[in-house]
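Letter by letter, the chains look like this.
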Amino acid sequence: MFHVGGARSALFNWVMARQSGGALVLRIEDTDTSRNRPEWTEGIIRALAWLGMDGDEYEGPYFQSAGAAQHAEALRTLMDQGRAYYCDCTRDDVIARTGDQHKGYDGFCRDRGLGPGPGRAVRFRTPDEGQTTVVDLIRGNPVFENAVLEDFVVARADGSVTFLLANAVDDIQQRITHVVRGEEHLSNAPKQQLLWTALGAEPPVWAHVPVIVNEKRQKLSKRRDKVALEDYRAEGYLPEAMRNYLMLLGWAPSGDREIVPWKDIEAEFRIEDVNSSPAFFDVKKLRAINGEYVRALPVERFAAECRPWLDPARAPWDSYDPAVFERLASLAQTRVAVLAEIVEMVDFAFLPEPPFDEAAWNKGMKGPAAELLAGAEDAYRDAPWTAEELKTRLEAVGTAHGLKLGKAQAPVRVAVTGRTVGLPLFESLEILGRETTLARIAAARTRLG
RNA sequence: GCCCCCAUCGUCUAGUGGCCUAGGACGUCGCCCUUUCAAGGCGGUAACACGGGUUCGAAUCCCGUUGGGGGCACCA
């Protein structure tokens, strides 16, 4: 599962790396062995590739767990400097003492001089005074009082180091100059910076990207919101549209433009211009933008992009004819905003029977539907099978009943396609062919009684 | 509770002291086109959270208020 927020951060990182000629490094932060799956990495790589980031666009992936030796060494350095100490407090101990779940560590073991042992973690001794200023390209330079920074854990009781330390060590070693990540990490920045300094390095420049929120203005969460890039991909959002939209969240290209070629984005983007307030993930807008991209596709490309959704393995029909779809594609292109929608747009042509929908049937078969269908059947039996002719003949049938084409076509549409709305009717009939069309009209007449 | 952040139409944004009776896009509404539905065209709707300053002048700068958000794990 690749979170859309992560995707946006990745995009920002990517663009910045390309602009500066620097390298983008992909690091899998797997220091917590208890919650890690190798296949997740594959998913991340696949998602990045879908967005346009092939393996040659970044260095790595590096696995953080592979650096355990250096992490351990850094830990020793901190111990030797007296910047870290052993602690045997459990979380419950701390809460019992402070009476507050969210108060952070109280420094109980700071000067107990504990040695290593089972159940003992290592905490970093944060300075009692002074301030830590985080140089952040997006939110100015937030200042943190060192005194309010708790003594955080840098190594677990089992000896493994935590994310904070591992990151600092790896960042220093990989000579990271810019850290661009979600705002939820902002409060980690001063801690990590303290670590960088303690390890003798000059801290990087940060950019904490505002979170993406839902309609209730809360950070998008896997639990309650649709956040997986893969889900959008499966619905038929185009990667070009997705990355264009993601870049629009918190940033805007020059001029009154929104649909912008990627090369322009790459040329114009500046992390300093990213808004510092949270942005709502508006699927309606995403959809609109996707529609623009879909319509801009050459029709052959459009047809090719639709293929996965039409494949009998996935579609509700057993077999389908690519030649038929090719003829329908141009009719469907302006009517599809998200590729998955192609299925119900053209299913009438591949299903043995038109799909039946009670509401559609009732709506389409109102009034003189029976007479209209009878008239159409007669008119079509020997008609030259062209859309033009089919239209003219049904028009005449309608006129005989005092109806305009808009009304007269309704029963035929429902009889043949099963729906009240859809592709242009006469063109569809032409492609469907006389035999099927007539058979469906006859079937509908029977059903009508 | 503590730390940090944020605040322009419903939404994403433009705007960096006069060009702003605040622009664009999505949404929404209406009209046109029309074989349904889209697409397309035209038009409407709708915002500087509030209160104080600073200034000749403030959406833009400062302070406060209110409101929202993020974080406070031996997760990352």
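Higher on the page you've got the structure.
Every chain begins its residue count from 1, and numbering advances along the sequence as written. For naming, the first written chain is A and the first written ligand is 1, with later ones following in the order written. Where totals are concerned, whole chains, interfaces and linings use all residues; where local detail is concerned, this predicted model gives features only for residues with pLDDT of at least 70, and gives and counts side-chain atom pairs only at 80 or more. For side-chain calculations, the full set of non-hydrogen atoms in the structure is used, while hydrogens and water are omitted.

## A short note on the overall build of chain A
Our working rule: Note on conventions: DSSP H or I runs of at least 4 residues are helices, E runs of at least 2 residues are strands, and numbering of each starts at the N terminus. For a compact globule the rule gives 2.2 Å times the number of residues to the power 0.38, and the radius of gyration it is set against comes from C-alpha atoms. Buried residues are those whose accessible area, probed at 1.4 Å on protein chains only, stays under 20% of the maximum for their type, while exposed residues exceed 50% and partly exposed ones sit between those limits. Only heavy atoms enter the contact rule, under which two residues are in contact if any of them lie within 4.5 Å. Residue exposure ignores everything except the shown protein chains as possible cover, and the areas themselves are Shrake-Rupley values with a 1.4 Å probe. We score Asp and Glu as negative and Lys and Arg as positive, and we do not count His or the chain ends. Lys charges are placed at NZ, Arg charges at CZ, Asp charges at CG and Glu charges at CD.
Along chain A, the regular secondary structure elements total 19 helices and 11 strands. Its C-alpha radius of gyration of 31 Å places chain A more than 25% over the 22 Å reference for a compact globule of 449 residues. When the 449 residues of chain A are sorted by exposure, 46% land in the buried category. For chain A, restricting intrachain contacts to residue pairs at least 6 apart in sequence, the fraction spanning at least 24 positions comes to 72%. Taken as a whole, chain A presents about 22,400 Å² of accessible surface, with 50% of it coming from carbon and sulfur. Across chain A, 55 positive and 66 negative side-chain charges occur, with their mean positions spaced 4 Å apart.

## Brief notes about the sheet that holds strand S7 (residues 153-155)
We apply this condition: Here the rule is simple: two strands pair whenever DSSP picks up at least two bridges between them. Where helices are involved, their axes are fitted lines through C-alpha atoms of the stretch in contact, as for all axes, and angles between N-to-C directions lie from 0 to 180°.
Taking strand neighbours across the sheet as the criterion, the 3 strands line up as S3-S4-S7 in an open arrangement whose pairing is antiparallel. Only two strands of the sheet have a single partner each, and these edge strands are strand S3 (84-87) and S7. Going from strand to strand, the sheet's axes swing by 45° on average, the running direction of each strand aside. Two elements, S3 and strand S4 (residues 121-124), share 4 bridges in a ladder whose sense is antiparallel. Within S4, the residue paired with Tyr-85 across the bridge is Arg-123.

## Quick notes on unusual backbone geometry
The omega torsion of the bond from Gly-60 to Pro-61 falls at 5°, within 30 degrees of zero and hence cis. Turning to its location among the elements, Pro-61 is positioned in strand S2 (residues 59-63). The backbone of Arg-217 shows a phi angle near 70°, a positive value even though the residue is not glycine. For Arg-217, the location among the structural elements is in the loop between strand S10 (212-213) and helix H7 (229-235). On the basis of relative accessible area, Arg-217 is assigned to the exposed category, the value being 52%.

## Some points on the packing of aromatic side chains
In plain terms, the rule: Each Phe, Tyr or Trp ring (for Trp, its six-membered ring) is paired with any other whose centre lies within 6.5 Å, and the angle between the two planes then decides the class: stacked below 30 degrees, edge-to-face above 60, tilted in between. Only lysine NZ and arginine CZ atoms are considered, and such an atom sits over a ring when it is within 6 Å of the ring centre and within 35 degrees of the ring normal.
Scanning the entire structure with this criterion turns up 11 aromatic pairs. Among the aromatic residues, those joined into a cluster by ring pairs are Tyr-232, Tyr-237, Tyr-245 and Phe-281. Directly above the aromatic system of Phe-108 lies the positively charged group of Arg-97, at a separation of 3.9 Å from the ring centroid. The cationic tip of Arg-447 hangs over the ring face of Trp-361; the distance from NZ or CZ to the ring centre is 5.2 Å.

## Section: the pattern of salt bridges
Note the threshold: Here, a salt bridge means any side-chain nitrogen of Lys or Arg that lies within 4 Å of a carboxyl oxygen of Asp or Glu.
The tally for this structure, following the rule as stated, stands at 29 salt bridges. The residue Arg-257 makes a salt bridge to Asp-264 at a minimum N-O spacing of 3.3 Å. Taking the relative accessible area as the measure of exposure, Arg-257 reaches 31% and is therefore partly exposed. Where salt bridges share partners, they join Arg-27, Glu-29, Asp-170 and Asp-171 into one cluster.

## As for the protein's contact with RNA strand B
Put simply, the rule is: We call a residue near a molecule or strand whenever a single non-hydrogen atom of that residue lies within 4 Å of it. A 3.5 Å cut-off defines polar contacts: any pair of N or O atoms within that distance qualifies, except that in protein one atom must be a possible hydrogen donor and the other a possible acceptor, and neighbouring residues in sequence count only when both atoms are side-chain atoms. Any residue that is not Ala, Val, Leu, Ile, Met, Phe, Trp, Tyr, Cys, Pro, Asp, Glu, Lys or Arg is counted as polar, Gly included; the first ten are nonpolar and the last four charged.
Around RNA strand B, a shell composed of 64 residues is seen, among which Arg-139, Arg-156, Arg-217, Glu-258 and Arg-335 lie nearest. Within 4 Å of the protein, the contacting atoms of RNA strand B are 70% sugar and phosphate, with bases supplying the remainder. Contact between RNA strand B and Asn-275: a phosphate oxygen at 3.5 Å from a side-chain N or O atom of the residue. At the level of elements, S4, strand S6 (143-145), strand S11 (279-280), helix H10 (283-296), helix H17 (405-417) and helix H18 (425-432) are the ones that each hand at least two residues to the surface near RNA strand B. For the surface near RNA strand B, the class distribution of residues is 23 nonpolar, 19 polar and 22 charged.

## Some thoughts on H18
The element H18 is largely enclosed, with a buried count of 6 among its 8 residues. Along H18, the residues that are buried comprise Leu-425, Phe-426, Ser-428, Leu-429, Ile-431 and Leu-432. Where H18 is buried, its residues touch helix H12 (322-333), helix H13 (342-350), helix H15 (369-381), helix H16 (387-400), H17 and helix H19 (434-448). With its phi angle positive at about 100°, Gly-433 sits one or two positions after the end of H18.

## Notes on the nonpolar core
Note the cut-off: Note on terminology: a nonpolar core comprises buried Ala, Val, Leu, Ile, Met, Phe, Trp, Tyr and Cys residues joined through side-chain atoms within 4.5 Å.
One finds Phe-281, Phe-302, Phe-325, Ile-342, Val-346 and Tyr-380 to be the most contacted residues of the largest nonpolar core, which totals 103 residues. Looking at this core, the element that brings in the most residues is helix H1 (residues 4-20), giving 9 residues. Not counting residues within four places of it along the chain, the set of residues in contact with Phe-281 comprises Val-4, Ile-212, Val-213, Leu-220, Tyr-232, Tyr-245, Leu-246, Leu-249 and Leu-286.

## Points about the side chain of Gln-333
Checked against the element boundaries, Gln-333 lands in helix H12. A relative accessible area of 8% places Gln-333 in the buried class. One polar contact links the side chain of Gln-333 to the main-chain carbonyl oxygen of Leu-297, over a distance of 2.8 Å. Contacts of Gln-333, omitting those with residues within four sequence positions, involve Val-294, Arg-295, Leu-297, Val-299 and Phe-302.

## Some words on the environment of Ala-10
Within the element layout of this structure, Ala-10 appears in helix H1. Given the relative accessible area of 13%, Ala-10 is considered buried. For the pair formed by Ala-10 and Arg-181, sequence separation is 171 residues and the distance between their alpha carbons is 8.3 Å.

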